[in-house]
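# Structure assessment
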Amino acid sequence: MALHWTKLPKESLALLRRGCVIPAHPLALDAKRRFDALRQRALTRYYIDAGSGGLAVGVHSTQFAIREKGLYEPVLQLAADAAREWAKRPLFMIAGLAGKTVQAKKEAEIAVAHGYHAGMLSLGAMKGASVDELITHCAAIARLIPLVGFYLQTAVGGITLSAEFWRRFAAIENVIAIKIAPFNRYRTLDVARGVVLAKAEERVTLYTGNDDHIVLDLVAPLAVKRGDEEVRVRIQGGLLGHWSVWTKKAVGLLERVQAAVASGWVDADLLALDARVTDCNSAFFDVAHDFAGCIPGCHEVLRRQGLLEGTWCLDPKETLSPGQGEEIDRVYREHRDLADDEFVRANLGRWLA
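Residues numbered from 1 in each chain as written. Predicted model: local features only at pLDDT ≥ 70, side-chain atom pairs only at ≥ 80, totals over all residues. Heavy atoms only, no water.

### A look at the sheet that holds strand E5 (residues 147–152)
Reading across from one edge, E1-E10-E7-E6-E5-E4-E3-E2 is the order of the eight strands in this open sheet, with parallel pairing throughout. Edge strands, defined here as strands with exactly one partner in the open sheet, are strand E1 (21–23) and strand E2 (54–57). In this sheet, neighbouring strand axes are inclined to one another by 25° on average, regardless of whether the strands run parallel or antiparallel. Sheet topology note: the E5/strand E6 (residues 175–181) ladder contains six bridges and is parallel. Bridging across to E6, Tyr151 finds its partner in Ile180. Against the sheet, helix H7 (residues 185–197) contacts E5, E6 and strand E7 (205–208), and its axis sits at roughly 165° relative to E6. (Pairing = 2+ DSSP bridges. Helix = DSSP H or I, 4+ residues; strand = E, 2+ residues; numbered from the N terminus. Axes fitted to C-alpha atoms, helices over the stretch in contact; angles between N-to-C directions. Contact = heavy atoms within 4.5 Å.)

### Considering unusual backbone geometry
The phi angle at Gln63 is positive, at roughly 80°, despite the residue not being glycine. For Gln63, a relative accessible area of 4% corresponds to the buried category. Its identity as a non-glycine residue notwithstanding, Phe183 has a phi of 55°, on the positive side. Along the chain, the position of Phe183 falls in the loop between E6 and H7. Owing to a relative accessible area of 17%, Phe183 belongs among the buried residues under this scheme. (Buried < 20%, exposed > 50% of the residue type's maximum accessible area, 1.4 Å probe, protein only.)

### Here's the deal with the pattern of salt bridges
Opposite charge on two side chains permits them to pair, given that their charged atoms come into close proximity. On inspection of all chains with the given rule, the structure shows 20 salt bridges. With its nearest N and O atoms 2.7 Å apart, the salt bridge here joins Arg168 to Asp132. Taken together, the residues Arg168 in helix H6 (residues 163–170) and Asp132 in helix H5 (residues 131–142) connect sequence positions 36 residues apart. Under the relative-accessibility criterion, Arg168 is labelled partly exposed at 26%. The closest approach of N and O atoms between Arg167 and Glu164, which form a salt bridge, is 2.7 Å. Taken as a pair, Arg167 and Glu164 lie in helix H6 at a separation of three residues, close to a single helical turn. (Salt bridge = Lys/Arg side-chain N within 4 Å of Asp/Glu carboxyl O.)

### Topic: the packing of helix H3 (residues 72–86) against helix H4 (residues 101–113)
At their nearest, the axes of H3 and H4 sit 10 Å apart, and the two run at 25° to each other. Classified by the angle their axes make, H3 and H4 are roughly parallel. The interaxial crossing formed by H3 with H4 has right-handed handedness. The segment H3 lies against H4, with Tyr72, Glu73 and Leu76 engaging Glu107, Ile110 and Ala111. Considering only residue class, the contact of H3 with H4 consists of four nonpolar, no polar and two charged. (Parallel < 35°, antiparallel > 145°, perpendicular 65-115°, else oblique. Left-handed = near helix turned anticlockwise from the far one by under 90°. Nonpolar A, V, L, I, M, F, W, Y, C, P; charged D, E, K, R; others polar.)

What follows is the structure, encoded as structure tokens:
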């Protein structure tokens, strides 16, 4: 059964458009690298109680390899069921979609069947395709489910996408949002230009995935020329791997940003937080080793809090990099006020019950 954005629950759609915290959901494994449903459910409960507006499941942080391991549908189903059972308020649920057209369509059908509101479409498998081929692919998936575009940085498998691609993508009527995550200011502006040139800025909500520039993405409007008109668009929220940890504080940060933007005054202390948050991300995402440890780095924070038992990934070679643990120690010391360890400690027993 196909799903169009006009049929989405109004409260959930309003949440997405207002801007919220959407963690990119990690994958919980045990020491034998088997799916740990108990701790996966605990993570979902943590994100909901922390105040997240939704969840993104089956995305990069959930590990693309869940597909070849036969875990894609079990992981999506558990998160959807756990969210429905635990949440007492609306959420916006996003499923990661990947692969070439046949695979991505199958994943879209699974997502719709389990009650997801949108699919975030990764284009890594389409490397080498022309813009026409990419748009044909995206349009085919959009006939099944509302789409969230995904500009994934090239360092972890993304492909470079032009402003013209984003103009044509935003013109697809069932596109409702774009996660901008190229970790590159020029390419971030390409997305904004594409959306504005498509005259889609009212329908397509922008989310930051630039984990290296979170606060400034949220406070600074993007000015784009459309003919003689200057159009200003804003990045309204974040769909971030970084926000899969210390999530309670991320929710507070976004609320602070939204209040400042609404008041028309962004203070220097808030602006300075951009550097501090980015410093934390440098440790979690293993910038020193070109992001090789970005997934186990987030796992390590969750392990220290007791939400995960270990940092295990599906690929045994995917581990913390040399010195990464020490860097996480450092940012814990220097930025402890950005951590939510006390919140987790107070609630961990409930989430694991």
